[in-house]
Amino acid sequence: MRVLVVTAVAAEADSVAAGLARAGYVSPGPAPVRPGTAQPLEPLARLCAGGHEMNVLPAGVGPAAAAAATARALGRARYDLVVSAGIGGGFAPVAPLGTLVVASEIVAADLGADSPEGFLPVTALGFGRDTLTPPAALCRAVAEALGARSGPVLTVSTATGTARRTAELLARHPSAVAEAMEGFGVAEAADQYGVPALEIRAVSNSIGPRDRSAWRIGDALAALTDAFGKLPPVLESWTSHEH
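The structure reproduced in this document is the subject of the present report.

Thresholds, definitions, all that
Residues numbered from 1 in each chain as written. Predicted model: local features only at pLDDT ≥ 70, side-chain atom pairs only at ≥ 80, totals over all residues. Heavy atoms only, no water. Helix = DSSP H or I, 4+ residues; strand = E, 2+ residues; numbered from the N terminus. Buried < 20%, exposed > 50% of the residue type's maximum accessible area, 1.4 Å probe, protein only. Polar contact = N/O pair within 3.5 Å; in protein donor to acceptor, adjacent residues only side chain to side chain. Core = buried A, V, L, I, M, F, W, Y, C linked by side-chain atoms within 4.5 Å. Contact = heavy atoms within 4.5 Å. Phe/Tyr/Trp six-rings, centres within 6.5 Å; stacked < 30°, edge-to-face > 60°. Lys NZ or Arg CZ within 6 Å of the ring centre and 35° of its normal. Pairing = 2+ DSSP bridges. Patch = residues over 30% accessible without salt bridge, like charges linked within 9 Å, V, L, I, M, F, W, Y side chains within 5 Å. Areas by Shrake-Rupley, 256 points an atom, 1.4 Å probe, with all protein chains shown as cover. Salt bridge = Lys/Arg side-chain N within 4 Å of Asp/Glu carboxyl O.

**Details of the environment of serine 150**
Link 1 in the chain: For serine 150, the position within the fold is in strand 9 (residues 149–155).
Link 2 in the chain: Accessibility expressed as a relative area gives 43% for serine 150, which makes it partly exposed.
Link 3 in the chain: Note: C-alpha distance between serine 150 and alanine 103 (47 residues apart in sequence) is 5.7 Å.
Link 4 in the chain: A polar side-chain atom of serine 150 sits 3.4 Å from the main-chain carbonyl oxygen of valine 102.

Now the structure itself:
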């Protein structure tokens, strides 16, 4: 079983790798380097245990960077599952600070057009799609194992920072639990390759008026590490019985 875990930034990737190390995953050896340098050929970290492999890739911020990096990785090797992982904002009160959420749907929440009547999703315009659905049984199993909330996670290109936009998003997606900036890009790339995708987020801030002093990034990264310390048995069991 080979899983690609895609984060936005290196701090998230390091937290994921630390959790996998707790679960017994180790590097199989030095990463290939660019000729004549000590720089890794690519930022992907390989961790292995018991015949399984987890590759962790910091892809960059936003859906475009995430989609491009995910597609590149999937074009180079075969994967059984892709996981978009990192920190994100939680909708109070369902996803308070430090909690984990697992996406039952991955929604491109700002993909569409504005109008005098309000936001029009891309589906209303007759173009493409704005929602991808991870495997339901796997979502339930992961949420149970992690003690996580499950619900739609919104992908946005601009992080929410006002009460007005928070209300607008909840009016369109009343069951949403969180927002982040990469999930739909990762899932869209995975779907193009016929690979199922999950999204797991640790909540670092409450969605609403922007207040950096209230963010708890360290706590969220610690929660992400805990999550990936518990996750491997669930994924290994699922791939061997359901995929």
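**Quick look at the nonpolar core**
Link 1 in the chain: Val83, Val142, Phe228 and Leu235 are the most contacted members of the largest nonpolar core, which has 35 residues in total.
Link 2 in the chain: Those elements giving two or more residues to this core turn out to be strand 1 (2–7), helix 1 (10–22), strand 3 (52–58), strand 4 (81–90), strand 5 (100–108), helix 3 (136–146), strand 11 (197–206) and helix 6 (217–241).
Link 3 in the chain: Here this core gets 10 residues from one element, more than from any other, and that element is helix 6.
Link 4 in the chain: Excluding residues within four positions of it along the chain, valine 83 makes contact with Val3, Leu4, Val5, Val6, Leu198, Ile200 and Phe228.
Link 5 in the chain: Within the second largest apolar cluster, 27 residues are counted, among which are Ala59, Ala69, Tyr79 and Val177.

**Quick notes on the packing of aromatic side chains**
Link 1 in the chain: Inspection of the entire model under this criterion finds zero aromatic pairs.
Link 2 in the chain: In this structure, arginine 2 is placed above the aromatic ring of tyrosine 79, and the distance from its NZ or CZ to the ring centre is 5.7 Å.

**Things to note about the pairing of strand 11**
Link 1 in the chain: Burial within strand 11 is extensive, with nine of its 10 residues counted as buried.
Link 2 in the chain: Examined bridge by bridge, strand 5 and strand 11 share three bridges and lie antiparallel to one another. What sits directly across from valine 101, in strand 11, is arginine 201.

**Here's the deal with a nonpolar patch on the surface**
Link 1 in the chain: Taken together, the side chains of Leu120, Leu125 and Phe127 define a hydrophobic patch exposed on the protein surface, amounting to about 260 Å² of accessible area.
Link 2 in the chain: For leucine 125, the location among the structural elements is in the loop between strand 7 (120–121) and strand 8 (131–132).
Link 3 in the chain: The exposure class of leucine 125 is partly exposed, given its relative accessible area of 33%.

**Quick look at the pairing of strand 9**
Link 1 in the chain: The buried count for strand 9 comes to five of seven residues, which makes it a mostly enclosed element.
Link 2 in the chain: Sheet topology note: the strand 5/strand 9 ladder contains six bridges and is parallel. For alanine 103, the partnering residue across the bridge sits in strand 9 and is glycine 151.
Link 3 in the chain: Pairing between strand 9 and strand 10 (residues 178–180): three bridges, direction parallel. Residue pairing for strand 10: threonine 155 is matched across the bridge by alanine 180.

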